[in-house]
Structures are given as C-alpha cells and as structure tokens.
Amino acid sequence: MQGEVTVIEHPLVQHKLTLARRKSTSTNTFSRLMGEIATLMAYEVTREMPMQEIDIETPIGPMRSRVIDGKKIVFVPILRAGLGFLEGMRAVVPGARVGHIGLYRDPKTLVAVEYYFKMPQGMRNRDAIVIDPMLATGNSAVAAVERLKEASPRSIRFVCLLTCPEGLEHFHDKHPDVPVFTAAIDPGLNDHGYIVPGLGDAGDRIFGTK
Ligand SMILES: O=P(O)(O)OC[C@H]1O[C@H](OP(=O)(O)OP(=O)(O)O)[C@H](O)[C@@H]1O
Ligand SMILES: O=c1cc[nH]c(=O)[nH]1
Ligand SMILES: [Mg+2]
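Now for a description of the structure that goes with this document. (Residues numbered from 1 in each chain as written. Chains lettered and ligands numbered in written order. Predicted model: local features only at pLDDT ≥ 70, side-chain atom pairs only at ≥ 80, totals over all residues. Heavy atoms only, no water.)

### Some remarks on the packing of aromatic side chains
Inclusion rule: Under the pairing criterion, centres of Phe, Tyr and Trp rings, with the six-membered ring standing for Trp, must be within 6.5 Å; the plane angle then separates stacked pairs below 30 degrees from edge-to-face pairs above 60, leaving the rest tilted. Secondary structure counts use DSSP, requiring at least four H or I residues in a row for a helix and at least two E residues in a row for a strand, with both numbered from the N terminus. Under the scheme applied here, a residue whose accessible area is under 20% of the maximum for its type counts as buried, over 50% as exposed, and between as partly exposed, the area being computed with a 1.4 Å probe on protein chains only. A ring is scored as having a charge over it whenever the NZ atom of a lysine or the CZ atom of an arginine sits within 6 Å of its centre and within 35 degrees of its normal.
For the structure on display, the rule yields two aromatic pairs. For the ring pair F158 and F171, a centre distance of 5.3 Å and an interplane angle of 50° mean the geometry is tilted. Residue F158 is found in strand β10 (residues 155-159), and its partner F171 is found in helix α5 (residues 165-174); the two are separated by 13 residues along the sequence. The two residues F158 and F171 agree in class, both being buried. Cation over ring: R105 sits above Y194, and NZ or CZ is 5.2 Å from the ring centre.

### What about the sheet that holds strand β11 (residues 162-163)?
Definition in use: Any two strands are treated as partners once DSSP identifies two or more bridges connecting them.
Taken in spatial order, the three strands of this open sheet run β9-β11-β13, and their pairing is parallel. Each end of this open sheet is capped by a strand with a single partner; those strands are β9 (134-135) and β13 (184-185). Relative to β13, β11 runs parallel, the two sharing two bridges. Bridge pairing in β13 links T163 to I185.

### Digging into the pairing of β10
Buried residues dominate β10, accounting for four of its five residues. In this sheet, β10 lies alongside strand β8 (residues 127-131) in parallel orientation, the contact comprising five bridges. Bridge pairing in β10 places V130 opposite F158. Judged from the two bridges that link them, β10 and strand β12 (residues 180-182) form a sheet pairing that is parallel. Bridge pairing links V159 to F181 in β12.

Here it is as structure tokens:
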C-alpha cells in the first residue's frame, strides 16, 4: 500500500461536493454539507477496519456476529477545518476516540505551524484516521502525520475532501505508508497555495470567518 490514493467517486459524495464548491453556498449549508460528506466518506475509509466476532441473541436465537471495535479508532482532526469533518464521522463510529492537532498554514511561507497536540492514551493499539478537508501543498498533512507517528499508532489513514497532484506527491514522498482517501484530485495550486478550482478556504467557509 505504498502511496495509495482512493478517490471516492460515489454519486452522493460528488453531488454534495459540487454544492460545497459553489461560491454562492452559505456558511450554514457548507458546514452541513461537510458533515454529510464526512459521514459518507467514513463508510469507505473504515472498509478495511479489523473486526471481531461476538456472541449475541436475536429475537429468534443465539449467533456469533461481527463488530468493529470502535474504541480502537481515533479520529484526528487537524484544527480548525478538520473539525468540520469530525462530527459527520463520529455519527457512524460513535465509540471512536478523538485526538487533536492544531496547525495553521503561515499565509506567506505556507509552512505549517503547530499550536496544539493532544492524543488519547494507548495510541499503540489504535488505528488513527487523520481528517482535514484540504491537502494543498501538503505541508500541514506532512507535519501532522510526522507528529502523530511519534505516538506510534497501529495504523494511519488520511482523509481529505480535496487535493491536487503536487500535494499528494509531497505527502507520499514523506509518508508513503499512509493511504489517502479523497473525493477529488483537482488540477493544481495557485500562487497562494490554494487548490484550483477547489472550494476556497475551507476553515473560513465552515466557520464563517471571512
Ligand atoms: O496543504 P497545505 O498547503 O498545508 O494547506 C492545507 C491546510 O490549510 C488549511 O488550514 P489553515 O491553515 O487555513 O487553517 P484553518 O483550518 O485554521 O483555517 C486546511 O484546513 C489545511 O490544514
Ligand atoms: O485551497 C485551499 C488550500 C489550503 N487551505 C484551504 O482551506 N483551501
Ligand atoms: Mg483556513
């Protein structure tokens, strides 16, 4: 799985992404769409998660049936925009733990600056799913995963909504072992490091800060 990228082409994801991209979409609608897309993407991202068998009783009789050990999953949103994806994912994996990585991208240098890092205990036995809607230059994603690897989780996946070839190449150059799940790979970046055509500044659009 070196440098693996999965583009989630499901029509519901693509439809909602188109609505989110439109500049006329309000903060309220944008934020709701992020939640809905995250729920749909969680379905794909958790596809390979380990399962265990437990004994249960149906109204008719006993059986062994499979469950995910939700507590072994850690969602790791990159603040702030990653928070816009968090609740949609937790809606389908309510037992998951949450770790936070606070990073902002310096607007001039585009370097990622860390301001917060907090993970649950026992990361060695957990599968981490890092979430951030945008993987642009890749600086933030690279820095977040570098920091997360210090905690030695059992596995790491990275989920974004949008990325571009430069960002993916940078990310997989540094972290070839971390699969990326995205809804689209746009053509490139502009001079300010924004994905083109993209959807603008995800954090500002989720929280209405522009
Ligand atoms: O791949 P990169 O070039 O590093 O860009 C992507 C980063 O930029 C955005 O965050 P931003 O720095 O705007 O912070 P915010 O989420 O607080 O708005 C986005 O949410 C990513 O974290
Ligand atoms: O296009 C981009 C690039 C970085 N961060 C964003 O929010 N959008
Ligand atoms: Mg932002």
